[in-house]
Amino acid sequence: MEKLLQQIQSLIKEIELFETNDTQAVEAFRIKYLGTKGVVKELMGEMKNVAMERKKEFGQILNEFKQIAESKYETIKLKTIEAVTISDSRIDLSLPGDPMPLGSRHPISLMKNKIITIFQRLGFAVAEGPEIEDDWHNFTALNLPAHHPARDMQDTFYVQQNPDWLLRTHTSNTQIREMQKNKPPIRVICPGRVYRNETISARSHCFFHQVEGLYIDEHVSFADLKQTLYFFAKEMYGQDVKIRFRPSYFPFTEPSAEMDISCTLCNSAGCSVCKKTGWLEILGCGMVHPHVLENCGIDSNKYTGFAFGMGVERPALLKYGINDIRLFSENDVRFLKQFTSAI
Ligand code: DAH
């Protein structure tokens, strides 16, 4: 019996010291200790040789030994499985990750951002206004009272629940909000989406984008307006572009003008886009009407200012040679993903 106990002690040491992460060695361990002809079974066979009064003690020791062998077997088995999974799976952890395909900016955003950047360099801040607007901010405050015939220039969508609400027809609503909120000097550009009840075609849409500009301070003159817009046109369309102002009419400015640039497509030779005139109209502008200043609580004897408004779709059509305005809102990725580079 004592010999058997010693043998078990040394077997326990042997088991405790055993280490491997090789599957075959693990199986060999199992066979050696726990198999049908293994050490545990063999020792059980010795039971018959143990004296009657010590059988119980021997049984307990043998049982403990068996548990030690079993738990060692489980441990080395798990370890090997982990090792095998890592080395077998064909993951090369040193490879660079899969690149995430980058989206592209919408051509309207690219054009809008380009316009914004140019004016920011002149010290204009960006302001935004609501697309659902009340009649006063969109029309009345801009010197377009109810029944004014100039309201016909912009065919309007009204909101059913409240006849006083409408979808803004221009970003000029934001100049009103800015003048109400801030004291002069005010120097802002207001980009945004606008809505008009127009039949959708290749050339017009019921919604489109504008950038409005406003500068109010003491002694602001038409010369300031011209210089600002000259700078803009040259930055936007190139230093060689020719510029002209034509007298025009807007209820919110006096005097009013429209600015044309020489046709960038035919170099002023005359083409279908410029309707053979050699000129392209790009924006409306003028000196802010004193009524508009007063409507917003600004003293028109002390302050003057200029304003302008331009569409974003048209310069984008010209820039990219696109012939259908509807493409901008159809969200066809084949169209959209062509505009990856900043302008
Ligand atoms: N709001 C005008 C439009 O949508 C554009 C415009 C013209 C804005 C002259 C202005 C301006 O601020 O001074 O047609």
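Above this text you will find the structure in question.
Residues numbered from 1 in each chain as written. Predicted model: local features only at pLDDT ≥ 70, side-chain atom pairs only at ≥ 80, totals over all residues. Heavy atoms only, no water.

1. A short note on the nonpolar core
In terms of nonpolar packing, the biggest core is built from 45 residues, with Phe-119 and Phe-308 touching the most fellow members. For this core, the secondary-structure elements that each account for two or more residues are helix H5 (107-121), strand E5 (207-217), helix H8 (222-237), strand E7 (253-262), strand E8 (279-288), strand E9 (304-311), helix H10 (313-320) and helix H12 (333-336). Element by element, the count of residues in this core is highest for H5, at seven residues. Non-local contacts of Phe-308, meaning those with residues more than four positions away in its chain, are made with Phe-119, Ile-189, Val-211, Glu-212, Gly-213, Leu-229, Leu-283, Gly-284 and Cys-285. (Core = buried A, V, L, I, M, F, W, Y, C linked by side-chain atoms within 4.5 Å. Buried < 20%, exposed > 50% of the residue type's maximum accessible area, 1.4 Å probe, protein only. Helix = DSSP H or I, 4+ residues; strand = E, 2+ residues; numbered from the N terminus. Contact = heavy atoms within 4.5 Å.)

2. Observations concerning the pattern of salt bridges
Under the counting rule described, the total for this entry stands at 19 salt bridges. Residue Glu-2 is joined to Arg-54 by a salt bridge in which the shortest nitrogen-to-oxygen separation is 2.8 Å. Residue Glu-2 is located in helix H1 (residues 2-17), and its partner Arg-54 is located in the loop between helix H3 (39-45) and helix H4 (55-88); the two are separated by 52 residues in the primary sequence. Within the structure, one salt-bridge network assembled from shared partners comprises Arg-244, Arg-246, Glu-258 and Asp-260. (Salt bridge = Lys/Arg side-chain N within 4 Å of Asp/Glu carboxyl O.)

3. Some words on unusual backbone geometry
Put simply, Pro-184 and Pro-185 share a cis peptide bond, and its omega is 0°. Counting through the fold element by element, Pro-185 comes out in the loop between helix H7 (172-181) and strand E4 (186-195). In this structure, the amide linkage connecting Glu-254 to the following residue, Pro-255, adopts the cis form with an omega of -5°. For Pro-255, the position within the fold is in strand E7. In the Ramachandran plot, His-147 falls in the positive-phi region, its phi being about 75° despite a non-glycine side chain. Note that His-147 resides in the loop between helix H6 (135-138) and strand E3 (165-167). One non-glycine residue with positive phi stands out, namely Asn-331, at about 55°. For Asn-331, the location among the structural elements is in the loop between helix H11 (327-330) and H12.

4. Here we look at the packing of H1 against helix H2 (residues 23-34)
Relative to each other, H1 and H2 sit at 165°, their axes nearing to 13 Å. Considered as vectors, H1 and H2 are oriented roughly antiparallel to each other. Seen from above, H1 lies across H2 with left-handed handedness. In this structure, H1 contributes Leu-11, Glu-14 and Ile-15 to the contact, and H2 contributes Phe-29, Lys-32 and Tyr-33. (Axes fitted to C-alpha atoms, helices over the stretch in contact; angles between N-to-C directions. Parallel < 35°, antiparallel > 145°, perpendicular 65-115°, else oblique. Left-handed = near helix turned anticlockwise from the far one by under 90°.)

5. A closer look at the site of the ligand
Lining the immediate surroundings of the ligand are 16 residues, of which His-170, Ser-172, Arg-196, Gln-210 and Glu-212 lie closest. Ser-172 has a polar side-chain atom sitting 3.0 Å from a nitrogen atom of the ligand. For the ligand, an oxygen atom lies 3.4 Å from a polar atom in the backbone of Phe-308. Protein chains shield 91% of the accessible area of the ligand, which is 350 Å² for the free molecule. (Near = heavy atom within 4 Å. Polar contact = N/O pair within 3.5 Å; in protein donor to acceptor, adjacent residues only side chain to side chain. Areas by Shrake-Rupley, 256 points an atom, 1.4 Å probe, with all protein chains shown as cover.)

6. Quick look at the sheet that holds E7
In spatial order, the strands read E1-E4-E5-E9-E8-E7-E6; together these seven strands make up an open sheet with mixed pairing. Each of the sheet's edge strands pairs with one partner strand only, and the pair in question is strand E1 (125-126) and strand E6 (243-250). Across the face of the sheet, H5 comes into contact with E1, E4, E5 and E9 while running at roughly 165° to E4. In the packing of H8 onto the sheet, the strands contacted are E6, E7, E8 and E9, and the crossing angle to E8 comes to about 150°. (Pairing = 2+ DSSP bridges.)

7. Side note on the packing of aromatic side chains
Following the criterion strictly, the structure yields 16 aromatic pairs and no others. With a centroid separation of 6.2 Å and an interplanar angle of 65°, the aromatic rings of Phe-328 and Phe-335 are classed as edge-to-face. Across the pair, Phe-335 and Phe-328 agree in class, each one buried. Here a set of aromatic residues connected by ring pairs shows up, and it is made of Phe-119, Phe-124, Tyr-215, Phe-232, Phe-306 and Phe-308. For Arg-193, the ring lying beneath its charged end belongs to Phe-207, and the centroid distance is 5.2 Å. (Phe/Tyr/Trp six-rings, centres within 6.5 Å; stacked < 30°, edge-to-face > 60°. Lys NZ or Arg CZ within 6 Å of the ring centre and 35° of its normal.)

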